[in-house]
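Letter by letter, the chains look like this.
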Amino acid sequence: MSTDGLIVVDKPGGMTSHDVVARIRRLARTRRVGHGGTLDPMATGVLVIGVGRATRLLTYVIGAGKSYAATIRLGQTTVTDDAEGEVVATTPAGAVTDDGVRAALAALTGEIDQVPSAVSAIKINGQRAYKRVRDGETVELPARRVTVSRLDVLAIRRDAPDVVDVDVDVTCSSGTYIRALARDAGAALGVGGHLTALRRTAVGGFTLAEAATLDQLEERAPDVVNLPLDAAAARFFPRRDATADETRVLSHGGPLAPAGITGPYAVFDPAGGLIAIVSERDGRARAEIVLAPA
């Protein structure tokens, strides 16, 4: 049984991404496990895990677009911009109109400059921002350009006095903070806002439909990889099939003639095995990472 491949996990709430990695290490009986993009402990949903040689694909997974289902609460501001943090301001939101809510969220679509939450895993001079906040520092992070390609309002609910809950579906670029969208929508409406629920529904082409829970993975351990390395690369990248001679050259890090494929792309040997992830530059196809077994 090959242990090299990806696992699409449906992360439960209350666990960190590192907690999930630790569990998979035990189930797969290997230390060589990593994840393709952090999910906050409060969040649930798609967390892509790499095992064995497939951990080297995770840098590409991290950069993939992502989709979320989320609930924004207007009328309350928290220190973390989500429900895990202490409420630091309350402003009655009952007078906010549905049209106002939709307009505030529409303004947060497309290419935007977003200031990440201060309580985040972003490093400042080598230390996580959230650690600095917990140590009492005031942290100001620079804005970064992100793309919110879709932000659909599914429901606007007024189930409790003075707060408005908004259910949304979001598709965005890597690096987008959904809780910052909640914060910024609340600020634009003058009532504050934070995130009360977050579920990641897709990472690139990997969706909840193929995700396994940790309980399901426990039942089939150690056979936990549901997308072997070759299949994972075929799913995630454009494909190029190499000849035997090209396989030999590429396996040793040598360049190939270009094929005119917009990269990065996956190159497979005549037997269908993954050799490398390649990109074309300066008239040659060169390996970014070689994955053929040594």
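The shown structure was predicted, so the numbers you read here are calculated from the model rather than taken from an experiment.

Caption draft 1: Seen up close, the overall build of the chain. Scanning the chain from terminus to terminus reveals 8 helices and 18 strands. Here the chain holds 294 residues, and 45% of them are scored as buried. Residue pairs at least 24 apart in sequence account for 67% of intrachain contacts in the chain once pairs closer than 6 positions are excluded. Accessible surface computed for the chain: about 13500 Å², of which carbon and sulfur atoms make up 49%.

Caption draft 2: How the structure looks around the packing of aromatic side chains. Applying the stated criterion to the full structure yields 3 aromatic pairs. Consider the rings of Phe 236 and Phe 237, whose centres lie 5.3 Å apart with planes at 70 degrees: the pair is edge-to-face. Aromatic rings pair up to connect Tyr 60, Phe 206, Phe 236 and Phe 237 into one cluster.

Caption draft 3: Just the pairing of strand S4 (residues 66–74), in detail. Among the 9 residues of S4, 7 are classified as buried, and the element is accordingly described as predominantly covered. When S4 meets strand S11 (residues 164–172), the two strands line up antiparallel, connected through 9 bridges. Considered in S11, the bridge of Ala 70 is made with Val 168. Bridge count between S4 and strand S12 (residues 193–203): 9 bridges; the pairing is antiparallel. Each bridged residue has a counterpart across the sheet, and for Tyr 68 the counterpart in S12 is Arg 200.

Here is what the cut-offs are and how they apply
Residues numbered from 1 in each chain as written. Predicted model: local features only at pLDDT ≥ 70, side-chain atom pairs only at ≥ 80, totals over all residues. Heavy atoms only, no water. Helix = DSSP H or I, 4+ residues; strand = E, 2+ residues; numbered from the N terminus. Buried < 20%, exposed > 50% of the residue type's maximum accessible area, 1.4 Å probe, protein only. Contact = heavy atoms within 4.5 Å. Areas by Shrake-Rupley, 256 points an atom, 1.4 Å probe, with all protein chains shown as cover. Phe/Tyr/Trp six-rings, centres within 6.5 Å; stacked < 30°, edge-to-face > 60°. Pairing = 2+ DSSP bridges.

Note that every value here comes from positions in space, so none of it alone points to a role or purpose.
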